[in-house]
Amino acid sequence: MHPVPESISTFLDTPMALTAAQLDFYETHRFIKLKAVLNAETIAFFNREIAAQVASMTTELTALEDRTTYGKAFLQLFNLWRENETIKTLVMSKRLAKIASDLMQVTGVRLYHDQALFKEGGGGITPWHADQFYWPLASDKTVTAWIPLQATPLEMGPLEFSAGSHKLVEGREMAISDESEAFLERKLRVTDFEHIIEPFDLGEVSFHSGWVFHRAGANTTAEMRKVMTIIYMDHEMVLKNPENRNQSKDWETWCPGAQVGAVIDTPLNPVIYKQ
């Protein structure tokens, strides 16, 4: 664990203004890719810090070829901000949180949780899914920042989006799986939702809402595809009655002590940004 250089701390506290066109794009498509959200110094620093933390926390011993589709998709570690004060600086960044708040058109955001998603060299696809299937949250005012820690060409499996698919109700009840990949691949192919598959430049970050469908391709390179994600929610988000086992588990794990029908205000869900 290394102290965050002052230049990076200052940068992470510096707001990034969004244009009216960018806000309109997100409102229509419920995802957006933004270039130069982070600079090269910040990416290089957190690449090292997050990779070291993931290595220290990883317990996966099963050979890649012997795992399930989900297991082949990525190494997944949660709430690094609670394990590492350096990484906490990125997760609590006002720069990123303000972007999330502006995109959702809310007056502030609090943390749901963070997760590192490291797709190993030779790692498989991440099947089509919508994140909010897993979340016991009463509104769709959620957004995930997907932060590649390196430039991410198509060969490494960058995130793909079905633009505007938050309007699609069919498939929302499906957990991430081979079944969700097959069903949604067929369903989305016959809709008007555009399938966006693009590389990510260094420092480019995407933001997507909880109900927009997305996936990622396989990592066909020999390098690890390192990604950090931060899930934000409206700072006035209310806990709803869980609708499936996954939502019950998320309640216990990410917002323990929160009460159904009340704002999710727990020590694990701090307000990061407020106007």
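Just so you know, these numbers come straight off a predicted model, no measurement behind them. Sequence positions are assigned chain by chain, starting from 1 and proceeding in written order. It should be noted that, the model being predicted, local features are given only for residues of pLDDT at least 70 and side-chain atom pairs only at 80 or more, the latter also being counted only at that level, while totals for whole chains, interfaces and linings use all residues. For side-chain calculations, the full set of non-hydrogen atoms in the structure is used, while hydrogens and water are omitted.

**Considering the packing of aromatic side chains**
Two rings from Phe, Tyr or Trp (for Trp, the six-membered ring) form a pair when their centres sit within 6.5 Å of each other. Planes less than 30 degrees apart are called stacked, planes more than 60 degrees apart edge-to-face, and all others tilted. Applying the stated criterion across every chain yields a total of seven aromatic pairs. Ring geometry for F25 against F31: centres 5.5 Å apart, planes inclined by 80 degrees, an arrangement best described as edge-to-face. Buried means the residue's accessible area, taken with a 1.4 Å probe over protein chains only, is under 20% of the maximum for its type, while exposed means over 50%, and partly exposed covers the values in between. The exposure class of F25 is partly exposed, given its relative accessible area of 33%. With a relative accessible area of 4%, F31 lands in the buried category. Aromatic rings pair up to connect F25, F31 and F161 into one cluster. Counted as over-ring charges are cases with an Arg CZ or a Lys NZ within 6 Å of the ring centre that also lie within 35 degrees of the ring normal. For the cation-ring pair, K33 lies above F200, with the distance from its terminal atom to the ring centre recorded as 4.3 Å. Above the face of the W211 ring, R172 is positioned so that its terminal group lies 4.3 Å from the ring centre.

**Overview of the side chain of N219**
Mapped onto the elements of the fold, N219 is located in the loop between β9 (214-216) and β10 (225-234). Nitrogen and oxygen atoms within 3.5 Å of one another constitute a polar contact, given that in protein one can donate a hydrogen and the other can accept it, and given that sequence-neighbouring residues count only through two side-chain atoms. Among the polar contacts listed, one links the side chain of N219 to the backbone oxygen of K119, at a separation of 3.0 Å. For helices the rule is a DSSP run of H or I covering at least 4 residues; for strands it is a run of E covering at least 2, with both sets numbered from the N terminus onward.

**Considering the pairing of strand β6 (residues 159-162)**
Burial along β6 is two-sided: the residues L159 and F161 and E160 and S162 are all buried. Pairing between strands requires that DSSP locate at least two bridges from one strand to the other. The sheet contact formed by β6 and β9 spans three bridges and is antiparallel. Across the sheet, E160 pairs through a bridge with R215, a residue of β9. Strand direction decides the pairing type here: β6 and strand β7 (residues 195-196), joined by two bridges, are antiparallel. Its bridge partner lying in β7, S162 is registered against H195.

**Re the side chain of T86**
Relative to the helices and strands, T86 resides in helix α5 (residues 85-91). Contact between two residues is taken to exist if any of their heavy atoms lie within 4.5 Å; hydrogens are not considered. Setting aside residues no more than four positions away along its own chain, T86 makes contact with M1, H2, P3, V4, F45, F46 and E49.

**Some remarks on unusual backbone geometry**
Of note in this structure, R30 is not a glycine but carries a positive phi near 60 degrees. As for its placement among the helices and strands, R30 is situated in the loop between α2 (20-29) and β1 (31-34). One non-glycine residue, A36, lies in positive phi territory at about 60 degrees. Relative to the helices and strands, A36 is located in the loop between β1 and α3 (40-57).

**Points about the sheet that holds β6**
The pairing of strands in a sheet happens through backbone hydrogen bonds and is either parallel or antiparallel. Here we have four strands laid out as an open sheet, ordered β4-β9-β6-β7, and antiparallel in their pairing. A single partner strand is all that each edge strand has here, and the edge strands are β4 (126-129) and β7. Relative to β9, β4 is paired through two bridges, and the arrangement is antiparallel. The partner of H129 across the bridge, within β9, is H214.

**What about the pattern of salt bridges?**
Side-chain pairs of opposite charge can arise where the charged atoms are in close proximity. Put simply, a salt bridge is a Lys or Arg side-chain nitrogen that is within 4 Å of an Asp or Glu carboxyl oxygen. Applying the stated rule across the entire model yields 13 salt bridges. Across the pair D265 and R110 runs a salt bridge, and its minimum N-O distance is 3.4 Å. Of this pair, D265 sits in the loop between α8 (245-254) and β11 (271-274) while R110 sits in strand β3 (residues 108-119), and the two are 155 residues apart along the sequence. Under the relative-accessibility criterion, D265 is labelled exposed at 58%. Across the salt bridge formed by E181 and R215, the nearest N and O atoms sit 3.1 Å from each other. With E181 in helix α7 (residues 178-189) and R215 in strand β9, this pair connects stretches of sequence that are 34 residues apart. One salt-bridge network, in which partners are shared between bridges, spans K33, K35, E198, D201 and E204.

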